[in-house]
Amino acid sequence: MQPGILLLLCLLREAVAEPTRDTGWLQRSSTRGREGKKLLLWRRQIQENANHQLEPEETRIIQDLVGGILAIDTLPNNETQIVEDNHSYYVSRVYGASEDRAKELWLDIAEMNRTQVKVHGILSNTHRQASRVVLSFDFPFYGHYLRQITIATGGFIFMGDVIHRMLTATQYVAPLMANFNPSFSRNSTIRYFDNGTVFVVQWDHVHLQDKESIGSFTFQAALYQDGRIVFGYKEIPMSVEEISPVQHPVKAGISDAFMILNPSSDVPEAHRRTIYEYHRVELDTSKITSASAVELIPLPTCLQYQSCEECKTSDTTLNCKWCHVLQRCSSGFDRHRHEWLTYGCSQEECSLMLFSPRRVFVRILHRVTHMPPHQS
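Owing to the predicted nature of the structure, the values given are computational and were not obtained by experimental measurement.

Participant: Sorry if this is basic, but what is going on with the state of the cysteines here?
Facilitator: Simply put, disulfide is the name for a covalent bond between the sulfur atoms of two cysteines. A full pass over the atoms with the stated rule returns three disulfides. Each disulfide pairs two cysteine sulfurs, and for cysteine 302 the partner residue is cysteine 320, the sulfurs being separated by 2.1 Å. Classification of the bridge connecting cysteine 302 and cysteine 320 rests on its S-S torsion, roughly -90°, and on that basis the disulfide is left-handed. With cysteine 302 in the loop between strand E15 (293-298) and helix H4 (308-312) and cysteine 320 in the loop between H4 and strand E16 (321-323), this pair connects stretches of sequence that are 18 residues apart. One exposure class covers both cysteine 302 and cysteine 320, and it is buried.

Put into structure tokens, the structure is as follows:
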């Protein structure tokens, strides 16, 4: 067995050794400014997080059903362990309030076909809740085609297919993630629109919990059939940088992750999942103002190639490899990573460059990069 694989298995075994109350436990570790820390400190932090217990006042998951509702817990105030390669999945463009493009990107739901606009009655009258919605088209997210998404009251959309209580951590599309409470006012609503080519969620006149006097926020996220993601901001009554993250994370951007399953029969099934964030686009929240907008344009991914030949001749910066067993082209960094490792796909020869497991797992522990947004 390769040393890199042994290292990952050892870390997974230790991470799941202590029982937790999560259905999907997210591994956590501080990554910024600590690249030189020893592995022992990293393991110790995992152990401390595994022992984290929920406070009595925190909410619980209610259910996981399409159209149903689930309650959201937030994460402890430390950082997510990020596993990332050097491939940028999106290009982000920020448009200020004075730019015409910002106005063009805002979709006025009031002018849309009323039969295609829905007000989510439950989310519009609750706090820290989320609900599944089925799209009318397949939306490509980091190269993965999704038909179901989960809208949350806290200003974001959860894009994962495995529901867990820590939805704010990763696998999100967040125009403005914060502690919004739509139930505060009758004028606050969460509406969504789907015409077959674009899906729009709008948080309309929502207020921050315990900061209602500041005023209401109105903003939206649009998912286009071609993979583009647009954030539009109509009313932002305060500096986003001044919003407190104590009770709820405050951030804007997108993120995706893969899940590793521990096959050990000694570990309860509910505690075998470890989620690793492999990429995140973090937007500069100081740029989020009234009438501004952000456009995220997807770049090519290995997953789009359907044959070994296409995979071999793809852009060399993608580090694509073809796996004959799975009949899939991948860099190894996507939601199918568990299968990729299980079937030994990183060892196959139909590729442009060898993909060393040892090098990958060193990145897991020591190399974290972030893709800054490009100012238009």
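Moving on, there is more to tell.
Participant: How should the packing of aromatic side chains be read in this particular structure?
Facilitator: Each aromatic ring pair is summarised here by two numbers: the centre-to-centre distance and the angle between the ring planes. Under the counting rule described, the total for this entry stands at twelve aromatic pairs. The interplanar angle of 65° and the centroid separation of 5.8 Å between the aromatic rings of tyrosine 89 and tyrosine 278 together place this pair among those described as edge-to-face. One end of the pair, tyrosine 89, is in the loop between strand E2 (69-71) and strand E3 (90-95); the other, tyrosine 278, is in strand E14 (residues 273-282), and 189 residues separate them in sequence. Overall, tyrosine 278 belongs to the buried group, its relative accessible area being 0%. With a centroid separation of 6.2 Å and an interplanar angle of 20°, the aromatic rings of phenylalanine 258 and tyrosine 278 are classed as stacked. Placement of the pair is phenylalanine 258 in strand E13 (residues 251-261) and tyrosine 278 in strand E14, with a sequence separation of 20 residues. Taken together, the ring pairs in this structure connect Tyr89, Tyr90, Phe139, Phe141, Tyr142, Phe258, Tyr276 and Tyr278 into an aromatic cluster. Cation over ring: arginine 228 sits above tyrosine 224, and NZ or CZ is 4.1 Å from the ring centre.

Participant: Help me understand the pairing of strand E5 (residues 129-141), please; the structure alone is not making it clear to me.
Facilitator: A regular strand places its side chains so that they alternate between the two faces of the sheet. The element E5 is largely enclosed, with a buried count of ten among its 13 residues. Here E5 pairs with strand E6 (residues 144-152) via eight bridges, running antiparallel. Looking at the pairing, arginine 132 lines up with threonine 150 of E6. Count of turn residues in the E5/E6 antiparallel hairpin: two residues, of which tyrosine 142 carries a positive phi of about 55°.

Participant: Sorry, what's going on with the nonpolar core here?
Facilitator: Generally speaking, soluble globular proteins have nonpolar side chains that are buried together. One finds Phe141, Ile151, Phe199, Phe217, Ile229, Phe231 and Ile254 to be the most contacted residues of the largest nonpolar core, which totals 49 residues. When neighbours within four sequence positions are excluded, phenylalanine 217 is seen to be in contact with Leu176, Phe180, Trp203, Asp204, His205, Val206, Leu208, Glu235, Ile236, Pro237, Met238 and Ile243.

Participant: Would you mind going over the environment of isoleucine 149 with me for this structure?
Facilitator: Residue placement: isoleucine 149 occurs in strand E6. On the accessibility criterion, isoleucine 149 (0% relative accessible area) is buried. Along the chain, isoleucine 149 and methionine 159 lie ten residues apart, while their C-alpha atoms are 5.3 Å from each other.

Participant: Looking at this structure, how should I read unusual backbone geometry?
Facilitator: It is generally the case that most residues other than glycine have a negative phi and that most peptide bonds are trans. At glutamine 171, a position not held by glycine, the phi torsion is positive, near 55°. The class for glutamine 171 is buried, based on a relative accessible area of 7%. Within the chain, glutamine 327 stands out as a residue other than glycine whose phi angle is a positive 55°.

Participant: Help me understand the side chain of histidine 279, please; the structure alone is not making it clear to me.
Facilitator: Following the sequence through the fold, histidine 279 ends up in strand E14. Here tyrosine 142 takes part through its side chain, which lies 3.0 Å from a polar atom of the side chain of histidine 279.

Participant: Mind showing me how you'd approach the side chain of serine 314 here?
Facilitator: Relative to the elements of secondary structure, serine 314 occurs in the loop between H4 and E16. Look at serine 314 and you get buried, because its relative accessible area is 6%.

Participant: I would appreciate a short explanation of the pairing of strand E11 (residues 217-224) in the present structure.
Facilitator: Burial runs high along E11: eight of the eight residues are buried. On E11, burial covers both faces: Phe217, Phe219, Ala221 and Leu223 on one face and Thr218, Gln220, Ala222 and Tyr224 on the other are all buried. Examined bridge by bridge, strand E10 (residues 198-206) and E11 share seven bridges and lie antiparallel to one another. Each bridged residue has a counterpart across the sheet, and for phenylalanine 199 the counterpart in E11 is leucine 223. The sheet contact formed by E11 and strand E12 (residues 229-235) spans six bridges and is antiparallel. Along E12, the bridge assignment pairs threonine 218 with glutamate 235. The turn joining E11 and E12, which pair antiparallel and follow one another in sequence, is formed by four residues; a positive phi near 100° is taken by glycine 227.

Participant: Before we go on, may I ask you to explain the environment of leucine 296 in this structure?
Facilitator: Relative to the elements of secondary structure, leucine 296 occurs in strand E15. Residues leucine 296 and arginine 228, spaced 68 residues apart in sequence, show a C-alpha to C-alpha distance of 5.8 Å.

Participant: What is the right way to read the confidence of the model for the protein chain from this model?
Facilitator: Should pLDDT be low for a region, the predicted coordinates there are not to be read in detail. Summing up the model confidence of the protein chain, the mean pLDDT is 75 and the portion of residues at 70 or higher is 65%. Counted against residues more than four places away or in other chains, residues 1-86, with its pLDDT under 50, gives 211 contacts. Every residue in residues 351-371 scores below 50 in pLDDT, and together they form 64 contacts with partners more than four places removed in sequence or on other chains.

Cut-off values and rules
Residues numbered from 1 in each chain as written. Predicted model: local features only at pLDDT ≥ 70, side-chain atom pairs only at ≥ 80, totals over all residues. Heavy atoms only, no water. Disulfide = S-S within 2.5 Å. Helix = DSSP H or I, 4+ residues; strand = E, 2+ residues; numbered from the N terminus. Buried < 20%, exposed > 50% of the residue type's maximum accessible area, 1.4 Å probe, protein only. Phe/Tyr/Trp six-rings, centres within 6.5 Å; stacked < 30°, edge-to-face > 60°. Lys NZ or Arg CZ within 6 Å of the ring centre and 35° of its normal. Pairing = 2+ DSSP bridges. Core = buried A, V, L, I, M, F, W, Y, C linked by side-chain atoms within 4.5 Å. Contact = heavy atoms within 4.5 Å. Polar contact = N/O pair within 3.5 Å; in protein donor to acceptor, adjacent residues only side chain to side chain. pLDDT = per-residue confidence, 0-100.

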